[in-house]
Amino acid sequence: MGVKIGEGKFFERVDKGINDKFMRKAVKEAQTRLEGRKTQTTEEMGNWEDWRDLSEEIRQHTLENLDYYLDQFVENVAKQGGHVFFAEDAAEANEYITSVVKKKEAKNIIKSKSMVTEEISMNEALEELGCNVVESDLGEWILQLDDHDPPSHIVVPALHKNKEQIRDTFRDKRKYDKSSDPNELAQFAREQLRKDFLSAEVGITGCNFAVAESGTVSLVTNEGNARMATTLPKTQITVMGMERIVPTWKELDILVSMLCRSAVGQKLTSYITGLTATKEEGDVDGPEEFHVVIVDNGRSKILGTQFQSALQCIRCAACINVCPVYRHVGGHSYGSIYPGPIGAVLTPLLEGYDDHKELPYASTLCAACTDACPVKIPLHELLVEHRRVIVEQSGKSSFGEKLAMKGYAYAASNPSVYKIGSSSAPSFIGHVAKGEDGHGKGPGPVKLWTDIRDLPEPTGDTFRKWYVNREKGGGKS
Amino acid sequence: MKVSLFLTCLADVVYPASVGKSTVEILERLGCEVDFPKKQTCCGQPAFNSGFHRESRDVAKHMIKTFEEAEYVVSPSGSCVTMLHEYSKLFSEDPEWQERAKALSDKSFELTQFIVDVLKVDDVGAEFHGNVTYHTSCHMTRLLKVKEAPMKLLENVKGLKFTELPNKQQCCGFGGTFSVKMVPISEQMVNEKVEHIEETDAEVLIGADLGCLMNIGGRIERQGKPIKVMHIAEVLNSQA
Ligand code: SF4
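This one's a predicted model, so the numbers in the text were calculated from it and none came from an experiment.

Visitor: Account for the overall build of chain B, naming residues and giving values.
Guide: On a plain count of helices and strands, chain B comes out with 13 helices and eight strands. Since a compact globule built from 240 residues should have a radius of gyration of about 18 Å, the 17 Å found for chain B is in line with a globular shape. For chain B, the proportion of its 240 residues judged to be buried stands at 65%. Restricting to contacts in chain B with at least 6 residues of sequence separation, those with at least 24 account for 79%. A total accessible area of about 8,700 Å² is found for chain B, and carbon and sulfur atoms account for 48% of it. Side chains of chain B give 27 positive and 34 negative charges; the mean places of these two sets differ by 3 Å.

Dropping the structure here:
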């Protein structure tokens, strides 16, 4: 799939999103539900802010010492018979993964949810090889059936669909003939997936956290599918972003709890799986062969820059669940598999500004995301930082804006100029205040403003006039 | 106590005298000596938030100089005071200016914050009759972390019938240049805000930031709804 999704320009996607009534209703309901649950489980803790501080510290410490912990992790995986491959980019990762699959002569592959495999377009690479790749996460499975509809949320990928739409997809693609009751839908998916679990030769998973001290990969799910995908097939491949490391089980404990609470408002999800190496003698299940693919794909370029904190992300989606922009435009508008505030920060870092130059501006900087983030990434500040880079380095800000900002700054640091501007403003505003039949008038930004709103009507004196009169009058009025 | 008023450019340039006048009158009634440094302009936020940091540095320097002599700087805007607090970040490579920036941020307060936290007053003796609701501005609550002060003051206004705004934490869609750069999204956001205001049956929407009020009020006007928008200073300055 790659990071970039969807066709068309940013504002075309936004319009499409805004006009999709089903999606908007689904998103609103999901935001209310997820945010409500999160608030409840975090308030329960009493000292949520302390936990955030601690989690931030853990993530910062890990990133500062990423080389060390990655080495330790790799060593521990290898010690226990696992294979580790460092992939610099998507192509390298896919080459390795397909080579393992080829060697095993595998045709059937079962997957648990993983954003990084979407990022590197792994499914496509395997399908090209002639493999049958099946997503076992319910949301991802729905999207896969629905002609590879892209995900619109990093935790609940099919969040944009309602149960009736899901029923229709099942009916069209798999001859489903029951109701849109979520339990019936899930039961059907489970039955359908069972044969895929049993026939798969290779299981591929993502990784929520990788524990350096023990070489363990941990997976957090509510469906138990990751467990099936890692116990039934003989070969397991785990694909992880290089920043997914935690030093020890102690930090794992803390971050898993933060993830579960922030993502779905649960103290813990139904299944937390820890996988260490291959099946040993006497073990009833587990893979015989275990591969870990550690993906860089642009991450090491972010390390050591002013954007490093973006790598603290534990992909909980709390920032997305509170974002008022996401609320109205939905995930697909972002044109990236990573939507919402973290997507607006991360996507241009991974992919450059060319295709994503609007994303840093698709925020009011209301800071709801920053407040929600369990690892304290200053998301709204990073968005401003992107804007600064666009202005100062990339040369992508428009000439008009540059001129306007330079003019503004000149006036705002020279009171005599500012005064000319300000004393003429009221009559100018009076002229354009009402717009015209909702179409707005006046130059540039004023027209855009009055497209949808009126400006305040200038009635009575300005403050300066009042103040000066009062001074002349010898003080208080 | 000597207080210098930082009016903000919206109250200075776009709005008539009322907000600034109310701010001055309330503070004087509470025993402050208020002056208005006439060289003041804008906090620089439009440039800063658009990524024009060099330009906002010039504006910041001008404002720092303008208020250097002030004992306290008080402003009827949480967002603009937040920006004053950001100044020191702009001068991370210039220790002298950073020091001066810090001195400004240490003595700068949003109006309700100043009344409650510095003057230690919860009741300004105001009287205002009507059904009202209150919009909690994002920068004021999340960045400046002023949440309680406006509520405390409103609670003590005689005659006020207050209903909490549903989804009050949600941004109104102003966001400075966002409001003109991302018009279709801003429109959806402000529409939802207006819907929630209507749910409260309020006749008056009160807010503490003119940016948000200009956005919400402008949309209400355009839709022809019978809801009035008032700055909290105007309400707190109302007398029987
Ligand atoms: S940025 Fe923070 S809130 Fe958003 S997904 Fe990452 S960890 Fe969660």
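Visitor: Describe in detail the packing of helix 21 (residues 444–452) of chain A against helix 12 (residues 210–223) of chain B, supporting the description with residues and values.
Guide: The geometry of helix 21 of chain A relative to helix 12 of chain B is characterised by a closest axis approach of 8 Å and an angle of 55 degrees between their N-to-C directions. The orientation of helix 21 of chain A relative to helix 12 of chain B falls into the category oblique. The segment helix 21 of chain A lies against helix 12 of chain B, with W449, T450, D451 and I452 of chain A engaging M214, N215, R219 and R222 of chain B.

Visitor: Let's hear about the sheet that holds strand 3 (residues 72–75) of chain B: which residues, and what values?
Guide: All names here are of chain B. A sheet is described by the order of its strands in space; here four strands give the open sequence 2-1-3-4, paired in parallel fashion. The open sheet is flanked by strand 2 (33–35) and strand 4 (108–110), the only strands paired with a single partner. Neighbour to neighbour, the strand axes of the sheet diverge by 35 degrees on average, direction disregarded. Each of strand 3 and strand 4 touches helix 5 (residues 78–90); the most contacted strand, strand 4, lies at about 160 degrees to it.

Visitor: So, the pattern of salt bridges: which residues are in play, and what are the values?
Guide: As a working rule, side chains carrying opposite charge can pair if their charged atoms are close by. Residues and elements named next belong to chain A. Overall, the coordinates contain 37 salt bridges over all chains when judged by the stated rule. Between K357 and E358 there is a salt bridge whose closest N-O contact spans 3.8 Å. The partner of K465 in a salt bridge is D461, and the shortest N-O contact between them spans 3.6 Å. We classify K465 as partly exposed; its relative accessible area is 48%. The exposure class assigned to D461 is partly exposed, which follows from its relative accessible area of 36%. Three or more residues joined by partner-sharing salt bridges are found here, namely E119, E243, R244, R299 and R315.

Visitor: Please provide a residue-by-residue account of the nonpolar core, values included.
Guide: Of all hydrophobic cores here, the largest spans 105 residues; its most connected members are F209, V325, L379 and Y408 of chain A together with F6, Y87 and I185 of chain B. Tallying contributions element by element places helix 12 (residues 249–264) of chain A first for this core, with nine residues. Other than its neighbours up to four places away in sequence, Y87 of chain B contacts C42, C43, A60, M63, I64, A101 and L104 of chain B. Core analysis: the second largest hydrophobic core is formed by 68 residues, L455 of chain A together with F174, V190 and L210 of chain B among them.

Visitor: Can you break down the site of the ligand residue by residue, with the values?
Guide: Around the ligand there are 13 residues in total, and C313, C316, A317, C319 and C373 of chain A lie nearest to it. Across the shell around the ligand, the residue classes tally to 12 nonpolar, no polar and one charged.

Visitor: So what's going on with the domain arrangement of chain A? Which residues, and what values?
Guide: Splitting chain A by domain gives domain 1 (48–301) and domain 2 (416–473). On a C-alpha basis, the centres of domain 1 of chain A and domain 2 of chain A stand 56 Å from each other.

Visitor: Outline the domain arrangement of chain B, listing residues and values.
Guide: How big an interface is tends to be expressed through the accessible area that disappears when the partners come together. All names here are of chain B. Considered domain by domain, chain B is made up of domain 1 (2–117) and domain 2 (123–236). The centre of domain 1, based on its C-alpha atoms, is set 22 Å off from the matching centre of domain 2. Of the residues lining the interface, 27 residues belong to domain 1; the matching set on domain 2 comes to 22 residues. Here domain 1 packs against domain 2, burying approximately 2,000 Å² in sum over the two surfaces, 71% of which is carbon and sulfur. The interface formed by domain 1 and domain 2 holds zero salt bridges in total. For the side of domain 1 that touches domain 2, the secondary-structure elements that each account for two or more residues are helix 1 (9–14), helix 2 (18–29), helix 3 (45–49), helix 5 and helix 7 (111–118). Element by element, the count of residues in the side of domain 1 that touches domain 2 is highest for helix 2, at six residues. Considering only residue class, the side of domain 1 that touches domain 2 consists of 12 nonpolar, 13 polar and two charged.

Visitor: So what's going on with the interface of chain A and chain B? Residues and values would help.
Guide: Counting residues at the interface gives 73 residues for chain A and 71 residues for chain B. For the pair chain A and chain B, the summed buried surface comes to about 6,100 Å²; carbon and sulfur atoms form 62% of the total. Taken together, the links from chain A to chain B amount to seven salt bridges. Two residues, R222 of chain B and D454 of chain A, come together in a salt bridge whose shortest N-O distance is 2.8 Å. Of the residues assigned to the side of chain A that touches chain B, the class counts are 35 nonpolar, 14 polar and 24 charged.

Visitor: Before we move on, could you go through a negative patch on the surface and cite the residues and values that matter?
Guide: On the surface, a cluster of negative charge is contributed by E88, D89, E92 and E95 of chain A. A residue is classified by how much of its surface remains accessible, and E88 of chain A, at 57% relative accessible area, is exposed.

Visitor: Can you lay out unusual backbone geometry for me, pointing to particular residues and giving the numbers?
Guide: All names here are of chain B. The phi dihedral of T8 is positive, around 80 degrees, even though this residue is not glycine. Looking at where T8 falls in the secondary structure, it is placed in the loop between strand 1 (2–5) and helix 1. The phi dihedral of N167 is positive, around 50 degrees, even though this residue is not glycine. Looking at the secondary structure, you find N167 in the loop between strand 6 (158–162) and helix 10 (178–181).

Visitor: I'd like to hear about the packing of aromatic side chains, residue by residue, with values.
Guide: In total, this model carries 18 aromatic pairs over all chains according to the counting rule given. Look at W449 of chain A and F174 of chain B: their rings are 6.1 Å apart centre to centre, the planes differ by 80 degrees, and that puts the pair in the edge-to-face class. Here F174 of chain B lies in the loop between strand 6 and helix 10 and W449 of chain A lies in helix 21, a pairing that spans two chains. Of the two residues examined, W449 of chain A and F174 of chain B, each falls in the buried class. Centroid distance F463 of chain A to F36 of chain B: 5.0 Å. Interplanar angle 70 degrees. Geometry classified as edge-to-face. Of this pair, F463 of chain A sits in helix 22 (residues 463–472) while F36 of chain B sits in the loop between strand 2 and helix 3, which puts the two residues in different chains.

Rules used throughout
- Residues numbered from 1 in each chain as written.
- Chains lettered and ligands numbered in written order.
- Predicted model: local features only at pLDDT ≥ 70, side-chain atom pairs only at ≥ 80, totals over all residues.
- Heavy atoms only, no water.
- Helix = DSSP H or I, 4+ residues; strand = E, 2+ residues; numbered from the N terminus.
- Rg over C-alpha atoms; globule rule 2.2 N^0.38 Å.
- Buried < 20%, exposed > 50% of the residue type's maximum accessible area, 1.4 Å probe, protein only.
- Contact = heavy atoms within 4.5 Å.
- Areas by Shrake-Rupley, 256 points an atom, 1.4 Å probe, with all protein chains shown as cover.
- Lys, Arg positive; Asp, Glu negative; His and termini not counted.
- Charge placed at Lys NZ, Arg CZ, Asp CG, Glu CD.
- Axes fitted to C-alpha atoms, helices over the stretch in contact; angles between N-to-C directions.
- Parallel < 35°, antiparallel > 145°, perpendicular 65-115°, else oblique.
- Pairing = 2+ DSSP bridges.
- Salt bridge = Lys/Arg side-chain N within 4 Å of Asp/Glu carboxyl O.
- Core = buried A, V, L, I, M, F, W, Y, C linked by side-chain atoms within 4.5 Å.
- Near = heavy atom within 4 Å.
- Nonpolar A, V, L, I, M, F, W, Y, C, P; charged D, E, K, R; others polar.
- Domains from an automatic or database assignment.
- Buried area = accessible area lost by both parts, 1.4 Å probe.
- Patch = residues over 30% accessible without salt bridge, like charges linked within 9 Å, V, L, I, M, F, W, Y side chains within 5 Å.
- Phe/Tyr/Trp six-rings, centres within 6.5 Å; stacked < 30°, edge-to-face > 60°.

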